[in-house]
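Now for the letters of each chain:
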Amino acid sequence: MAAEKQFENKIKKFLESLPHTWYFKYWAGPYSKSGIPDIICCCNGRFIGIEVKAENGHASELQKRNIELIQGAKGIGYILYPKDFESFRKDMYKLCKD
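Treat the numbers as computed from the prediction; the structure is a model and nothing was measured.

Cut-offs used in this document
Residues numbered from 1 in each chain as written. Predicted model: local features only at pLDDT ≥ 70, side-chain atom pairs only at ≥ 80, totals over all residues. Heavy atoms only, no water. Pairing = 2+ DSSP bridges. Helix = DSSP H or I, 4+ residues; strand = E, 2+ residues; numbered from the N terminus. Axes fitted to C-alpha atoms, helices over the stretch in contact; angles between N-to-C directions. Contact = heavy atoms within 4.5 Å. Expected span 1.5 Å × (residues − 1). Buried < 20%, exposed > 50% of the residue type's maximum accessible area, 1.4 Å probe, protein only. Arc of directions from axis to C-beta. Phe/Tyr/Trp six-rings, centres within 6.5 Å; stacked < 30°, edge-to-face > 60°.

With that settled, consider the sheet that holds strand E3 (residues 46-52). If you walk across this open sheet you meet the four strands as E1-E2-E3-E4, and the pairing is mixed. Two strands bound the open sheet, and with one partner strand each, they are strand E1 (21-25) and strand E4 (76-80). Strand-to-strand twist of the sheet, defined as the mean angle between neighbouring strand axes without regard to direction, takes the value 20°. Of the strand pairs in this sheet, E1 and strand E2 (residues 39-43) are connected by five bridges, and their pairing is antiparallel. Bridge pairing in E2 links Lys 25 to Ile 39. Helix H1 (residues 3-16) contacts E1, E2, E3 and E4 of the sheet and is inclined by roughly 160° relative to E3. The sheet strands contacting helix H3 (residues 85-96) are E1, E2, E3 and E4, and the helix crosses E4 at an angle near 160°.

Next comes the structure, spelled out in C-alpha cells:
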C-alpha cells in the first residue's frame, strides 16, 4: 500500500474515534472539481478540509489555494504530513470534545 494511502487510513481511523465528528473521503474522478481536499470533515460544528500528503509529497498550487480559501471562510484547512500528525491530533481533540 502506498505511503499516502496508509497515512490517510490512519487519519480516518483517528477521526472515527472522535465524538461529534463526521467525515468523508473525497474521490476526484474525471468530472469532479480539482484541488478539493482528500478528507472533508465536520467536527463539533466546524468545517475541516484535510489534504493528505506522504512525507515526500507536495501540495499543488491549487490544493494550497483551496486550503487558503477554507481558512478564509473561517473553516479549518490542513495540508497534513505524517510529521505533523501529533499536532493535528491535539488540535482535533480540542475541537471535538464535548
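The structure having been displayed, the exposition proceeds.
What follows concerns H1. For H1, spanning 14 residues, the distance from its first C-alpha to its last is 20 Å, which sits close to the expected 20 Å at 1.5 Å a residue. All buried positions along H1 are accounted for by Phe 7, Glu 8, Ile 11, Lys 12, Phe 14 and Leu 15. Buried residues along H1 cover an arc of 160° about the axis, so they all sit on one side. Relative to its buried face, H1 has exposed residues pointing more than 90 degrees away, namely Lys 13 and Glu 16.

Each aromatic ring pair is specified by the distance between its two centres and by the angle formed by the two planes. Taken as a whole, this structure holds seven aromatic pairs when the rule is applied. Ring centres of Phe 14 and Phe 88 lie 6.1 Å apart, and the angle between their planes is 65°; on these two criteria the pair is classed as edge-to-face. Of this pair, Phe 14 sits in helix H1 while Phe 88 sits in helix H3; the two residues are 74 residues apart in sequence, bridging distant segments of the chain. The buried category is assigned to Phe 14, whose relative accessible area is 8%. Taken together, a centroid distance of 5.0 Å and an interplanar angle of 90° make the contact between Tyr 78 and Phe 88 edge-to-face. Remark: Phe 88 occurs in helix H3 and Tyr 78 occurs in strand E4; sequence separation between them is ten residues. Residue Tyr 78 shares its accessibility class with Phe 88, and that shared class is buried.

With four of five residues buried, E2 lies mostly within the body of the structure. Strand direction decides the pairing type here: E2 and E3, joined by five bridges, are antiparallel. The residue bridging Cys 42 from the neighbouring strand is Phe 47, located in E3. Hairpin connection from E2 to E3: two residues lie between these consecutive antiparallel strands, with Asn 44 at a positive phi of about 55°.

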